[in-house]
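In case you want the letters, here they are:
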Amino acid sequence: MHMAEKLQDSYLAAHDQLYRTLRMRIMYGEMRPGQAITLRGVAQEFGVSVTPVREALKRLAAEGALSISVSGRFQTPALTNDRIEELAALRALIEVELATRALPRAHMALVERLQTINNAISVAVARADAVTYIRTNLEFHRTLYLRAQAPAMLATVETVWLQMGPTMRALYGRLQRKDPPMHHRLILAALKAGDEPGLRVAVRADVTQGLRMLAR
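The structure displayed is predicted, hence computed values, not measured ones.

What counts, and where the lines are drawn
Residues numbered from 1 in each chain as written. Predicted model: local features only at pLDDT ≥ 70, side-chain atom pairs only at ≥ 80, totals over all residues. Heavy atoms only, no water. Helix = DSSP H or I, 4+ residues; strand = E, 2+ residues; numbered from the N terminus. Buried < 20%, exposed > 50% of the residue type's maximum accessible area, 1.4 Å probe, protein only. Areas by Shrake-Rupley, 256 points an atom, 1.4 Å probe, with all protein chains shown as cover. 1 Å grid on protein atoms, 1.4 Å probe; cavity = no way out; pocket = protein on both sides within 12 Å on 5 of 7 lines; lining within 4 Å. Points joined across faces, edges and corners; volume = space filled by probe spheres on them. Nonpolar A, V, L, I, M, F, W, Y, C, P; charged D, E, K, R; others polar. Axes fitted to C-alpha atoms, helices over the stretch in contact; angles between N-to-C directions. Parallel < 35°, antiparallel > 145°, perpendicular 65-115°, else oblique. Contact = heavy atoms within 4.5 Å. Core = buried A, V, L, I, M, F, W, Y, C linked by side-chain atoms within 4.5 Å. Phe/Tyr/Trp six-rings, centres within 6.5 Å; stacked < 30°, edge-to-face > 60°. Lys NZ or Arg CZ within 6 Å of the ring centre and 35° of its normal. Pairing = 2+ DSSP bridges.

(A) Inspection of the overall build of the protein at higher detail. Summing up its helical and strand segments, the protein has nine helices and three strands in all. Ordered by position in the sequence, the α and β elements of the protein form the string α-β-α-α-β-β-α-α-α-α-α-α. Split into buried and exposed, the 216 residues of the protein put 44% on the buried side. Here the protein displays about 11,300 Å² of accessible surface, and carbon together with sulfur accounts for 53% of that area.

Next up, the structure:
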């Protein structure tokens, strides 16, 4: 491999790692709604030039994770009530469908894995650790939806989660949650029983209830 190709591969790897790290920060609520992100600040933190930072931020903006002002300033979205309602409706449509498709493949090993994740959610709640709560809550849903074997749907719903990460952090603070999501227990019970109607109701309630409280 020529030196130029090696440098190009190294650059692409660094860019991808930067993008993925920032993406996780946003999705898991490590940033507040409307928080500004500067090229220079990110470049200094990661020890890179501003060029890969700009490209990573533009990529995130294309996914709806960031907004860009007329002056070129990047920030996390501060969602309006209408936008929250829209994203909640999307979650209700897509995630209910993913859960339904996963149900025929939801064997006991999956249910046990989901229970383990739910236990981790309980620990995060007890510690008032909002970021870990959001991360493990999304892991619960992603683990179930992977069984649907519907990658396009899952990619779409992950884009919704990405847009909502900072808002979910704000929601967590407002609710002052002291218990894990009650609908997770209903989801687990429906999976064990092979109860499709019950699963659909539980997933729809789980993914919309808190968001619609925020939009009031």
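(B) Up close: empty space enclosed by the protein. Taken as a whole, this structure holds one cavity of 30 Å³ or more when the rule is applied. Forming the boundary of the largest cavity are Met 27, Arg 91, Tyr 133, Ile 134, Asn 137, Leu 138, Trp 161, Met 164, Gly 165 and Met 168. At the level of secondary structure, the elements contributing two or more residues to the lining of the largest cavity comprise helix H6 (130–146) and helix H7 (151–175).

(C) Highlighting the layout of surface pockets. In this structure, the second largest pocket encloses a volume near 160 Å³. Per element, the largest residue contribution to the lining of the second largest pocket is five residues, and it comes from helix H1 (residues 3–27). Here the lining of the second largest pocket is built from residues that sort into four nonpolar, no polar and four charged.

(D) How the structure looks around the packing of helix H5 (residues 108–126) against H6. Packing of H5 against H6 leaves a shortest axis separation of 8 Å and a crossing angle of 170 degrees. As judged from the angle between their axes, H5 and H6 are roughly antiparallel. Here Leu 110, Arg 113, Leu 114, Ile 117, Asn 118, Ala 120, Ile 121, Ala 124 and Val 125 of H5 lie close against H6, whose contacting residues are Thr 132, Tyr 133, Thr 136, Asn 137, Glu 139, Phe 140, Thr 143 and Leu 144. Among the residues making up the contact of H5 with H6, the classes are represented as 10 nonpolar, five polar and two charged.

(E) Spatial organisation of the nonpolar core. If you look at the biggest cluster of nonpolar residues, it comprises 61 residues, and the most contacted ones within it are Leu 60, Leu 144, Tyr 145 and Leu 191. Per element, the largest residue contribution to this core is nine residues, and it comes from H7. Once residues lying within four places of it in the same chain are set aside, the contact partners of Leu 144 are Ala 99, Ala 102, Leu 110, Leu 114, Ile 187 and Leu 191.

(F) Examining unusual backbone geometry more closely. Positive phi outside glycine occurs at Ala 128, with the angle close to 55 degrees. Relative to the elements of secondary structure, Ala 128 occurs in the loop between H5 and H6. Assessed through its relative accessible area of 56%, Ala 128 is described here as exposed. A positive phi angle, near 55 degrees, is found at Gln 149, a position not held by glycine.

(G) Structural detail: the side chain of Arg 142. Mapping Arg 142 onto the fold places it in helix H6. Beyond its immediate stretch of four places on either side in the chain, Arg 142 contacts Met 27, Tyr 28, Glu 158 and Trp 161.

(H) Focus on the packing of aromatic side chains. One pass over the structure, following the stated rule, counts one aromatic pair. Above the ring of Tyr 19, the side-chain terminus of Arg 59 is found at 3.6 Å from the ring centroid.

(I) Geometry of the sheet that holds strand E2 (residues 67–68). Sheet architecture is open: three strands sit in the order E1-E3-E2, paired in antiparallel fashion. Where the open sheet ends on each side, the last strands, each with one partner, are strand E1 (36–37) and E2. Pairing geometry for E1 and strand E3 (residues 74–75), over two bridges, is antiparallel. Directly across from Ile 37, in E3, lies its bridge partner Phe 74.

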